[in-house]
Amino acid sequence: MNPHVIVIGGGTAGMEAAGRLARAGMSVTLIEKGKDLGGHLRDWYHLFPDRRSSDEVLEYLKGQISHQNIRLLTGQQVTGFIHKGNEFTVSTGNGDTINGDALLLATGFDLFKSERKEEYGYGIYENVITSADLEAMFRKKEVKLVSGKKPERIGFLHCVGSRDEKVGNIYCSKLCCVTAVKQAIEVKKIFPASKVFCFYMDMRMGGALYEELYKEAQEKYSVGFIRGKVSEVAVNINNRLVAKVEDTLVGRPLKMELDMLVLMAGMEMSEDAVRLAKETNLQMGENRFFKPADHHFGTNMGNVNGVFYAGACTAPLNITETISHARSAVTEIVNYLNTGRK
Amino acid sequence: MEKFGFSLTKARVIDYDANDRSIVSYILEREPSLNLCIECGCCSAACTTGNFTGFSLREIHILLKRGENDLVRQKIRKCMLCGKCILVCPRGVNTRNVVFLAKQAFTKNEGYEF
Ligand SMILES: Cc1cc2nc3c(=O)[nH]c(=O)nc-3n(C[C@H](O)[C@H](O)[C@H](O)COP(=O)(O)OP(=O)(O)OC[C@H]3O[C@@H](n4cnc5c(N)ncnc54)[C@H](O)[C@@H]3O)c2cc1C
Ligand code: SF4
Ligand code: SF4
Ligand code: SF4
């Protein structure tokens, strides 16, 4: 009989890995807690770095998992697992158990809950939204203020919930800078007469074509960049948002009226995965993501033999990196099942 | 009496080697969190004093590190030690203590009275 791999989480990482495992001759059960597959990808519109439609990537992933060796279980949340020798038994929320020879955790991330940065007014001021809310507006082709009016000035606030001791996240979420630039361009395309500003501490554009996108935002879309961390947001008598920041390159405080403010919410280890880790003694690193066995050679493995990781449950990763990481996980799993089991 | 004749304009350059960094050393020994500052300016944006006078705590931090003490000595008087800056700092710098220790160092090392 084929070895049986249980993949937990049906986002980009889980779908890519499931498809590849099936093609490598494994039998696979892919368990997703939501009713649809795709994870966060389903919420995005055009993807950086080349603004490809997210639907296109989703189609590719659906193609990956259409294989007879894959059994799909949607609407089921994995709540724990035990292992005896080389055999794993996974339990789901509705009381079912599934046995397998290896586990792949592809549980992804949660978006930082921006209400926690109360000073930015998310959930208080109606035109303060998150990067994810803006993607949803793009998808619906309905970018507008709550009043229905067109925004004339839009701000993007970097590092919300990342690089911030006050919320316990010292790490950089790595892809919100480029997301802000991508979204700034998108907004300018919809409202060419609007003015868009990014408030940043550092522009972290370290990825293929990121810096090019940054330059394009300046060159073609006149996006403005202000270096400083916004301390607070308020609403003035004209019912416009007012952001307060120090323009650190000028060395003076600056305030700016905005119609819409987009918070670049960071990526956190998902709450479900934290619970699962605690339940099953899987180690988490200092940033709470699953702790890799080795930062160079073992990012698909953790502290339990036979349990593997793929995607954004290990660190903030973009889709390109997530797919590569899923592929390397498959190599590790096949290797383990063929030779590595003790 | 007015002095006439030539004078050399003081160079704008930060003379890193000539500058005195004993003040910042004194602070860092007692408040190492000053090293964690990333110059984001959030403290300055939140600071009431900074919104009305030419005072920026972020700027004080970098001036201290460069040993530009003459500027710091004048500017630092403006801080009210209210602690609003501590509430917003993303790096957990104990900002108010930096100001407090800077004043202490100027008094101890230079006999400067605030
Ligand atoms: C605002 C924003 C915009 C982005 N835009 C881009 C972009 O343009 N280009 C790009 O390359 N990247 C982008 N990304 C990054 C991209 O979203 C991630 O790289 C990708 O989603 C990671 O995939 P994943 O499968 O690891 O995790 P996820 O997409 O989070 O999928 C994880 C899946 O696991 C499921 N799951 C979790 N726990 C359990 C459990 N216990 N049982 C069962 N199922 C479970 C979840 O329901 C989910 O479906 C963006 C990220 C953000 C925040
Ligand atoms: S990628 Fe940019 S916005 Fe995101 S946490 Fe890092 S520096 Fe901040
Ligand atoms: S303690 Fe000083 S620097 Fe900090 S907010 Fe108050 S006045 Fe400003
Ligand atoms: S808020 Fe903190 S990190 Fe930012 S400039 Fe002030 S002291 Fe430095």
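Residues numbered from 1 in each chain as written. Chains lettered and ligands numbered in written order. Predicted model: local features only at pLDDT ≥ 70, side-chain atom pairs only at ≥ 80, totals over all residues. Heavy atoms only, no water.

J.: I tried to follow the packing of helix α4 (residues 57–66) of chain B against helix α7 (residues 95–110) of chain B on my own but got confused; where do I start?
T.: Angle between the axes and distance between the axes are the two parameters that describe a pair of packed helices. Residues and elements named next belong to chain B. Between α4 and α7, the shortest axis-to-axis distance is 11 Å and the interhelical angle comes to 55°. With respect to α7, the element α4 is oriented oblique. For the crossing formed where α4 meets α7, the hand is left-handed. Along the contact surface, α4 presents L57, H61 and L64, while α7 presents T95, V98 and V99. When its residues are assigned to classes, the contact of α4 with α7 shows four nonpolar, two polar and no charged. (Axes fitted to C-alpha atoms, helices over the stretch in contact; angles between N-to-C directions. Helix = DSSP H or I, 4+ residues; strand = E, 2+ residues; numbered from the N terminus. Parallel < 35°, antiparallel > 145°, perpendicular 65-115°, else oblique. Left-handed = near helix turned anticlockwise from the far one by under 90°. Contact = heavy atoms within 4.5 Å. Nonpolar A, V, L, I, M, F, W, Y, C, P; charged D, E, K, R; others polar.)

J.: Would you mind showing me how to read the domain arrangement of chain A here?
T.: A common way to report how large an interface is uses the accessible area buried once the components associate. All names here are of chain A. For chain A, the domain assignment lists domain 1 (4–108 + 270–338) and domain 2 (114–266). Buried area between domain 1 and domain 2, both sides added, is near 1,800 Å², and the carbon and sulfur share of it is 53%. Broken down residue by residue, the surface that domain 1 buries against domain 2 is led by Y45, F48 and R51, which jointly contribute 40%. Across the contact surface, domain 1 and domain 2 share three salt bridges. We note a salt bridge from R51 to E216, for which the minimum N-O separation is 3.0 Å. Applying the counting rule to domain 1 against domain 2 returns twelve residue pairs in polar contact (both at pLDDT 80 or more). Sorting the residues of the side of domain 1 that touches domain 2 by element identifies β3 (46–47) and α2 (54–65) as the ones contributing at least two each. Of the residues that constitute the side of domain 1 that touches domain 2, the class distribution is eight nonpolar, four polar and six charged. (Domains from an automatic or database assignment. Buried area = accessible area lost by both parts, 1.4 Å probe. Salt bridge = Lys/Arg side-chain N within 4 Å of Asp/Glu carboxyl O. Polar contact = N/O pair within 3.5 Å; in protein donor to acceptor, adjacent residues only side chain to side chain.)

J.: Teacher, can you tell me more about the pattern of salt bridges here?
T.: Two side chains bearing opposite charge may form a pair once their charged atoms approach each other closely. Tallied over the full model, the rule gives 30 salt bridges over all chains. A salt bridge links K113(A) to E271(A); the shortest N-O distance between them is 3.3 Å. Highlighted residues: K113(A) in the loop between β10 (109–111) and β11 (128–130) and E271(A) in helix α6 (residues 271–280), separated in sequence by 158 residues. Across the pair D70(B) and R73(B) runs a salt bridge, and its minimum N-O distance is 2.9 Å. Of this pair, D70(B) and R73(B) both sit in helix α5 (residues 69–75), three residues apart, roughly one helical turn. Note on R73(B): relative accessible area 15%, which makes it buried. Ionic contacts of the salt-bridge type, sharing partners, join the residues E16(A), R20(A) and R327(A) into one network. (Buried < 20%, exposed > 50% of the residue type's maximum accessible area, 1.4 Å probe, protein only.)

J.: Looking at this model, I keep getting lost on the packing of aromatic side chains. Mind explaining?
T.: Aromatic ring pairs are defined here through the distance separating the ring centres and the angle between the ring planes. All names here are of chain B. For the coordinates displayed, the defined rule picks out eleven aromatic pairs over all chains. Taking 6.1 Å as the distance between ring centres and 55° as the angle between the ring planes, the aromatic pair formed by F106 and F114 counts as tilted. For F106, a relative accessible area of 0% puts it in the buried group. Judged by relative accessible area, which is 33%, F114 ranks as partly exposed. (Phe/Tyr/Trp six-rings, centres within 6.5 Å; stacked < 30°, edge-to-face > 60°.)

J.: Explain the side chain of S33(B) to me, please; I cannot follow it from the model alone.
T.: Along the chain, S33(B) falls in the loop between α1 (22–30) and α2 (42–46). Other than its neighbours up to four places away in sequence, S33(B) contacts G92(B), V93(B) and N94(B).

J.: Sorry if this is basic, but what is going on with the sheet that holds strand β20 (residues 307–309) of chain A here?
T.: Backbone hydrogen bonds hold the strands of a sheet together, and the pairing may be parallel or antiparallel. All names here are of chain A. With parallel pairing, the five strands of this open sheet are ordered in space as β5-β2-β1-β9-β20. Only two strands of the sheet have a single neighbouring strand rather than two, namely β5 (70–74) and β20. Within this sheet the neighbouring strands show an average axis-to-axis angle of 20°, counted without direction. Bridge count between strand β9 (residues 102–105) and β20: three bridges; the pairing is parallel. Within β20, the position partnered with L103 by the bridge is V307. In the packing of helix α1 (residues 12–23) onto the sheet, the strands contacted are β1 (4–8), β2 (27–32), β5 and β9, and the crossing angle to β2 comes to about 165°. (Pairing = 2+ DSSP bridges.)

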